[in-house]
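Structural overview for review
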Amino acid sequence: MRFSRVVAIPFVLASLATAARAEVPVGAIEILSGPNAAYGTSIKAGLDLALDTINKKGILDGQKIALTVEDSAGNKDQAINAARKLVGRDKVVAVIGPTLSNEMFAVGPVTNERRIPTVGTSTTANGITAIGDYIFRTSLPESDVIPVTLKKAQARGVKTIALMYANDDAFSKSGFDVMKAAAEKSGLKIVAIESFGSKDTDFSAQLTKIKGLKPDAIGISALVEPVSGVLLQARQLGFGKETQFIGGNGSNSPKLGEIAGAAADGLIVGSPWFIAKPDPISEKFVSDFQAKNGKSPDQFAAQAFDAMFIVAAAIDRAGAADSEKVRDALLKTNYSGVMGPFTFTSGRDPASTEGVVVLEMQGGKFGIAK
Ligand code: 1QQ
């Protein structure tokens with residue numbers, strides 16, 4: 001053997017160094033700045049908490065996940081650039097996010113074309129997974145949640161409803177379509193339909209029109225800032241407890257209570273999760289999240305926490321950091337997490353719609369709606 005130690009030792013050292021450095025690159029695109037940052041920062045906190053556990057043990061024989069979270073600022077072009085960076089520069093095997101359906105309709109075609117499995121954790125509009133075979137979501141679509149919320153309103157005696165929605169955001173528009181169809185199906189009488197822009201601050205024309213029609217309820221499909229604006233102005237115009245306000249997934253943020261305060265009291269919204277869910281996995285998640293972040297998790301953090309485990313487990317089962325194999329493994333997901341048991345349909349949507357709870361805002365906090 002002419003191969004001396006002189007050659008062998010550096011080789012061994014080099015391969016040890018590679019083994020120590022081996023990490024699996026995963027990307028996330030979330031809103032970390034701008035008016036919708038509450039959603040994305042909450043999602044990031046959920047992902048980070050899950051990674052603490054995942055990276056302790058590692059996947060694929062001890063490798064860590066290197067998660068790169070890019071800020072989209074809620075902007076479609078920035079989200080597309082983030083996707084290109086994650087795929088081209090970081091060579092990620094999967095993408096988590098983006099935060100908004102509006103962004104997914106821009107990013108999804110890009111990552112799908114690159115054959116990178118992309119897992120939305122908060123995208124609830126119709127048509128998300130139809131973008132392509134590599135697009136998944138773990139979030140329940142509005143079409144599964146809104147009918148449950150309307151049923152609760154009906155049980156409270158609501159018979160007539162006015163619908164308001166933001167016409168410049170994919171989630172808000174789709175949520176409105178779902179509310180309208182669900183209201184019609186359940187026999188609610190729609191007395192008015194009014195739209196606005198997500199950046200609007202004056203909703204008085206729409207609300208004044210609706211006030212004259214005296215609906216039992218007002219359904220609002222929009223992101224949290226405009227929903228808060230509508231509520232604040234509605235109270236100024238004299239809408240009181242007699243009007244049942246109904247929100248969609250955009251309202252599922254503590255930001256609603258922070259911005260609207262008492263004006264949001266009484267609003268109901270459906271959610272796949274509730275902070276006081278009596279379940280050991282959920283309770284541990286809540287206390288670990290509080291310990292790490294000094295505040296309580298919201299639904300978006302809970303969904304992201306589960307999604308990170310789902311993606312990590314898929315990479316592990318794939319047996320390699322290979323995006324094709326990860327996609328196939330994702331389809332075979334059988335996971336039990338904070339949201340409960342989880343599998344994907346063959347169409348890459350959540351299979352089970354069980355566990356939707358209707359929440360009510362009171363004093364800046366969500367509780368179970370009675
Ligand atoms: C979507 C949503 C948003 C409310 C997520 C933050 O549901 O864009 O689909």
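Note that the structure is predicted; figures quoted are calculated from it, not measured. Numbers given to residues run from 1 along each chain, matching the order in which its sequence is written. Only residues with pLDDT of at least 70 get local features here, since the model is predicted, and only at 80 or more are side-chain atom pairs given and counted; chain-wide, interface and lining totals rely on the full set of residues. To get the side-chain values, all heavy atoms of the structure are used, and hydrogens and water are removed first.

1. A few points about the packing of aromatic side chains
For clarity, the threshold we go by: Side-chain rings of Phe, Tyr and Trp (the six-membered ring for Trp) are treated as a pair once their centres are within 6.5 Å; stacked means planes under 30 degrees apart, edge-to-face means over 60, and tilted covers the remaining angles. Numbering of helices and strands starts at the N terminus; helices are DSSP runs of H or I of at least 4 residues and strands are runs of E of at least 2. Classification of residues uses two cut-offs on accessible area relative to the type maximum, computed with a 1.4 Å probe and protein chains only: under 20% is buried, over 50% is exposed, and between them is partly exposed. For a Lys NZ or an Arg CZ to count as sitting over a ring, it must be within 6 Å of the ring centre and within 35 degrees of the ring normal.
Counted according to the given criterion, the structure contains eleven aromatic pairs. Here Tyr39 and Phe300 contribute two aromatic rings whose centre-to-centre distance is 5.1 Å and whose plane-to-plane angle is 70°, an arrangement assigned as edge-to-face. In this pair, Tyr39 is assigned in helix H2 (residues 37–57) and Phe300 in helix H11 (residues 299–318), connecting sequence segments 261 residues apart. When the ring of Phe309 is compared with that of Tyr335, the centres are 6.1 Å apart and the planes differ by 15°; the resulting orientation is stacked. Of this pair, Phe309 sits in helix H11 while Tyr335 is found in strand S11 (residues 335–337), placing the two residues 26 residues apart along the sequence. Residue class for Phe309 comes out buried when judged on its relative accessible area of 17%. Three or more aromatic residues joined by ring pairs make a cluster, and in this case those are Trp273, Phe285, Phe289, Phe305, Phe309 and Tyr335. Here Lys211 stacks its cationic end above the ring of Phe239, 5.9 Å away from the centre of that ring.

2. Some remarks on the pairing of strand S2 (residues 64–71)
Which entries qualify depends on this criterion: When DSSP finds two or more bridges between a pair of strands, those strands are recorded as paired. When the strands point away from the viewer and the connection leading from the first strand across the helix to the second strand turns clockwise, the crossover is called right-handed.
For strand S1 (residues 23–30) and S2, the ladder comprises eight bridges, and the chain directions are parallel. Counted as the bridge partner of Glu30 is Asp71 from S2. Between the parallel pair S1 and S2, the chain is carried across by H2, and the sense of this crossover is right-handed.

3. Section: the confidence of the model for the protein
Our working definition: A score between 0 and 100, pLDDT records how confident the predictor is in each residue. A contact between two residues is defined here by any heavy atoms of the two lying within 4.5 Å.
With 94% of its residues at a pLDDT of 70 or more, the protein shows a mean pLDDT of 94. Taken together, the stretch residues 1–7 has pLDDT below 50 and engages in one contact with residues farther than four places along the chain or on a different chain.

4. Concerning the site of the ligand
For the record, the criterion: Here a residue counts as near a molecule or strand whenever at least one of its heavy atoms sits within 4 Å of it. Polar contacts, as counted here, are pairs of nitrogen or oxygen atoms within 3.5 Å of one another; within protein the pair requires one atom able to donate a hydrogen and one able to accept it, and residues that are adjacent in sequence qualify only if both atoms are side-chain atoms. What sets the accessible areas is the Shrake-Rupley method with a 1.4 Å probe; for residues, cover comes only from the shown protein chains. Start and end positions for the domains come from either an automated domain assignment or a database one.
The local shell around the ligand holds 13 residues, among which Ser101, Ser122, Thr124, Phe171 and Asn249 are the closest. Within the side chain of Ser101, one N or O atom sits 2.4 Å away from an oxygen atom of the ligand. For the ligand, the accessible surface in isolation is 280 Å², of which the surrounding protein chains cover 100%. The residue makeup of the shell around the ligand includes at least three contributed by each of domain 1 (2–140 + 279–338) and domain 2 (143–271 + 357–368).

5. A short note on the pairing of strand S6 (residues 160–166)
Within S6, seven of the seven residues are buried, which leaves it mostly tucked inside the rest of the structure. By the alternation rule, side chains of S6 split into Thr160, Ala162, Met164 and Ala166 and Ile161, Leu163 and Tyr165, which are all buried. In this structure, S6 lies alongside strand S7 (residues 189–196), joined through seven bridges in parallel fashion. Within S7, the position partnered with Thr160 by the bridge is Lys189. Between the parallel elements S6 and S7, the chain passes through helix H6 (residues 170–185) in a crossover that is right-handed. Pairing of S6 with strand S8 (residues 217–221) involves five bridges; the strand directions are parallel. Paired with Tyr165 across the strands is Ser221, a residue of S8.

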